[in-house]
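A closer look at the structure
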Amino acid sequence: MIRLNSRQKEAAEFLYGTACVIACPGSGKTLTMTRRIANLVKNHGVSPERIIGLTFTRNAAQAMREKLYPILEDLATRVDLATIHSFCYSLLKQEGKTFEILHGNEQLKFVRQVMKKKRIRNIPVGLIIREISLAKNNIIDTDEFADLYTGDETMLKIADVYRLYEAEKKKKLLLDFTDLLFESYLLLKGEKEIRQKYQDSYTHLLIDEYQDVGPLQVEILKQLINNHRKSSFWVCADDCQSIYSFTGASVGNILNFDKVFQNSQQFILDTNYRSTPEILSCCQRLIDHNTKKIDKVLRTKNSTGAKATVIDATNEEDEALQLVNEIKGLTESGTYQFKDIAVLYRANSLSRPIEDGFKQHQIPYHIENGSSFYQRHEVKVLLDYLRFINNPDSDDGDDALRKIINIPNRYIGKTFMTGLESFSNKRNVHLFQGLKTMPIEVPYLKKFIKDFVCLIEPLIQDVAQLEPAEIIHILREGLDYDRYISDDDIPSPDDSKIENINQLQLVSAKYKDIPALINYTETFKEENSNNKDGVALMTVHKSKGLEFPIVFVIGMTEGVMPNKQGEIEEERRICFVGISRAMNLLYLTYPINYMGKNATRSRFLDEILED
Ligand code: ATP
Ligand code: MG
């Protein structure tokens with residue numbers, strides 16, 4: 001059992017009132033939070049049901065429970081450890097609210113219907129969803145939203161959608177993901193009795209990763225805090241790891257903590273237990289370049305290790321190959337196992353070359369909290385198109401056609417498909433033959449099918465002469481696929497569907513014909529790409545709170561890390577989160593040619609390597 005140092009102990013033994021633990025990565029914030037829960041239950045007679053511990057991901061909640069188990073045994077299962085979303089979900093259910101959740105794709109469809117009713121086109125649906133969610137996360141209701149954007153035509157249209165979207169959801173008893181929080185907030189704020197009930201039932205509130213809690217979440221927490229003498233609100237945070245401005249979180253959250261929560265006590269943990277001094281100085285040099293932050297000095301008593309290794313690669317394929325070689329070297333000696341290693345990147349699309357390299361050289365891996373590149377929806381759709389074009393009059397072609405016929409949306413419904421299936425069955429032909437000969441009454445369907453056939457048929461005829469890359473190029477143009485993808489893209493801080501498609505375009509150039517490409521991509525269904533004991537691949541965002549003996553941060557080039565669109569200090573914090581996951585060895589790699597274009601190495605690399 002780890003013995004806490006004196007500062008951690010003080011923070012863990014804090015009993016009643018409000019406290020904020022501010023500390024750098026790896027200084028034991030999460031550990032201290034766990035110990036505080038244990039201390040309350042074991043030494044102060046607090047019943048576990050009275051404690052709620054909020055974390056950022058389900059995995060983190062689970063990890064915390066596992067740490068509590070050896071200390072509290074069965075009592076550990078009675079502490080409420082959850083994400084704020086799942087906590088709010090339970091709260092709403094508990095209070096007898098009837099609702100269904102509107103998940104990703106259904107939400108897209110739903111918003112699209114609302115747009116249609118409002119006759120609004122030309123605004124990407126993804127953008128609308130992002131704006132609405134951002135507004136809600138900042139507690140801006142429909143009226144305030146419209147006021148805020150007087151004179152801005154696009155935003156006023158979004159305000160229109162926002163209003164009807166809210167009304168329609170209400171009618172159908174639907175809640176989107178942000179609504180779980182928003183409705184809980186309204187309920188707690190509006191109903192004194194309910195608020196009182198929750199305040200009475202939870203006397204101790206603890207929050208991990210508080211730097212990424214947005215304004216709406218802060219308001220929910222405020223409703224839950226009670227003023228009993230024997231209660232507490234305890235958070236831990238690192239302002240330098242705030243990487244979700246995307247949902248309205250900001251560094252100001254921590255900087256203003258003592259103004260928002262008066263009479264709060266502050267604890268500073270200053271010893272890092274995770275990393276070697278060499279890795280820590282990389283972190284320090286990098287973050288020193290940010291201005292908006294609480295100055296902290298990163299210290300450790302850990303013994304010295306190796307300096308960070310910088311690898312420059314000619315391009316991303318070479319980057320992957322060098323990774324393979326390093327990883328082989330590290331694991332073959334027996335000192336390290338594959339599962340000790342993580343490869344971190346700024347955007348999801350960067351997994352493609354690494355996955356290719358790992359597959360080719362039999363390095364087992366898994367994608368943490370995500371799917372393998374070739375299994376991602378926008379990539380798979382294009383591969384299904386290729387599969388269809390390659391062999392339309394076959395069972396495989398039928399299977400592919402069923403998958404692609406309505407992507408992008410051609411308003412083809414179940415009735416049409418049943419009709420097509422039985423028409424083709426009766427004539428004993430494959431679906432594509434059926435599609436071409438079946439009489440279609442509905443004018444718009446007729447047009448969509450004609451366009452589809454006109455685009456696809458020449459490709460089928462010329463398939464022997466065309467290379468996969470050319471076909472993909474023609475499809476992207478002909479289907480207006482990029483627009484479809486970006487319209488459909490619910491924006492995310494670490495995933496770009498267009499970039500995934502660009503990667504597919506790039507990789508497809510290596511294959512002379514469709515079967516070769518398809519066969520290759522099919523191999524990613526195998527176990528090697530989903531091996532929990534393999535190397536962990538993930539975006540930096542997904543790596544929050546985790547640690548690995550060996551970390552590779554890849555793609556350290558301008559435009560990637562820092563990302564083109566990002567605000568530079570937030571980009572630097574993202575890089576900081578990435579490198580601070582490393583315990584023993586840190587590798588920073590960058591290709592000087594990225595996606596076929598010359599690239600310059602990241603300014604962050606220069607900052608890290610300053611001396
Ligand atoms: P992050 O900001 O990245 O979330 P953190 O501050 O939450 O980091 P932890 O994950 O709690 O840090 O701890 C980092 C590592 O240091 C863990 O492996 C933990 O077990 C270890 N550790 C923390 N405190 C001590 C201690 N007093 N003695 C030995 N090891 C410790
Ligand atoms: Mg932590």
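Residues numbered from 1 in each chain as written. Chains lettered and ligands numbered in written order. Predicted model: local features only at pLDDT ≥ 70, side-chain atom pairs only at ≥ 80, totals over all residues. Heavy atoms only, no water.

What follows deals with the overall build of the chain. Looking only at helices and strands, one finds 27 helices and 18 strands in the chain. Its C-alpha radius of gyration of 27 Å places the chain within 12% of the 25 Å reference for a compact globule of 611 residues. On the principal axes, the C-alpha backbone points of the chain span a range of 80 × 60 × 50 Å. Partitioning the contacts of the chain with sequence separation of at least 6, the portion at a separation of at least 24 is 79%. Here the chain has roughly 27800 Å² of accessible surface; of this, 49% comes from carbon and sulfur atoms. (Helix = DSSP H or I, 4+ residues; strand = E, 2+ residues; numbered from the N terminus. Rg over C-alpha atoms; globule rule 2.2 N^0.38 Å. Contact = heavy atoms within 4.5 Å. Areas by Shrake-Rupley, 256 points an atom, 1.4 Å probe, with all protein chains shown as cover.)

Okay, the site of ligand 1 next. Around ligand 1 sit 19 residues, and of these Gln8, Lys29, Thr30, Glu547 and Arg581 come closest. Here Gly26 contributes a backbone N or O atom positioned 2.9 Å from an oxygen atom of ligand 1. Arg581 is positioned with one of its side-chain polar atoms (N or O) 2.7 Å from an oxygen atom of ligand 1. Its free accessible area being 640 Å², ligand 1 has 86% of it covered by the protein chains. The element that contributes the greatest number of residues to the shell around ligand 1 is helix H2 (residues 29-44), accounting for three residues. Split into classes, the residues belonging to the shell around ligand 1 amount to six nonpolar, eight polar and five charged. Shared between two domains, the shell around ligand 1 holds at least three residues of each, these being domain 1 (6-93 + 182-271) and domain 3 (286-364 + 531-608). (Near = heavy atom within 4 Å. Polar contact = N/O pair within 3.5 Å; in protein donor to acceptor, adjacent residues only side chain to side chain. Nonpolar A, V, L, I, M, F, W, Y, C, P; charged D, E, K, R; others polar. Domains from an automatic or database assignment.)

Turning next to the UniProt feature "domain: UvrD-like helicase ATP-binding" (unreviewed entry) in the chain. As annotated in UniProt, the feature "domain: UvrD-like helicase ATP-binding" (unreviewed entry) corresponds to residues 2-276 in the numbering used here. Counting secondary structure, residues 2-276 comes out at 53% helix and 13% strand; the distance between its end C-alpha atoms is 18 Å. (UniProt positions renumbered as here; feature names shortened; annotations may be inferred.)

Read across the open sheet, the six strands follow the order S11-S16-S15-S12-S14-S13; overall the sheet is parallel. Two strands bound the open sheet, and with one partner strand each, they are strand S11 (309-313) and strand S13 (365-367). When the angles between neighbouring strand axes are averaged without regard to direction, this sheet yields 20°. The sheet contact formed by S11 and strand S16 (residues 582-591) spans five bridges and is parallel. From the neighbouring strand, Ile311 faces S16, where its bridge partner is Thr589. (Pairing = 2+ DSSP bridges. Axes fitted to C-alpha atoms, helices over the stretch in contact; angles between N-to-C directions.)

For the rest of this paragraph, the subject is the nonpolar core. Inside soluble globular proteins, nonpolar side chains tend to come together where they are buried. The biggest cluster of nonpolar side chains holds 78 residues, and the ones touching the most others in it are Phe358, Phe416, Phe452, Leu475 and Phe552. For this core, the domains that each give at least three residues are domain 3 (286-364 + 531-608) and domain 4 (377-519). Not counting residues within four places of it along the chain, the set of residues in contact with Phe416 comprises Leu435, Met438, Ile440, Leu445 and Ile449. Among the nonpolar cores identified, the runner-up in size contains 38 residues, and Ile84, Leu91, Ile220 and Leu224 belong to it. (Core = buried A, V, L, I, M, F, W, Y, C linked by side-chain atoms within 4.5 Å. Buried < 20%, exposed > 50% of the residue type's maximum accessible area, 1.4 Å probe, protein only.)

Spatially, S3-S2-S6-S7-S1-S8 is the arrangement adopted by the six strands of the open sheet, whose pairing is parallel. Each having just a single partner strand, strand S3 (80-83) and strand S8 (265-269) make up the two edges of the open sheet. Taking each pair of neighbouring strands and ignoring which way they run, the sheet shows an average axis angle of 15°. In this sheet, S8 lies alongside strand S1 (residues 17-23) in parallel orientation, the contact comprising five bridges. Bridge pairing links Ile22 to Ile268 in S8. In the packing of helix H3 (residues 58-72) onto the sheet, the strands contacted are strand S2 (51-55) and S3, and the crossing angle to S3 comes to about 160°.

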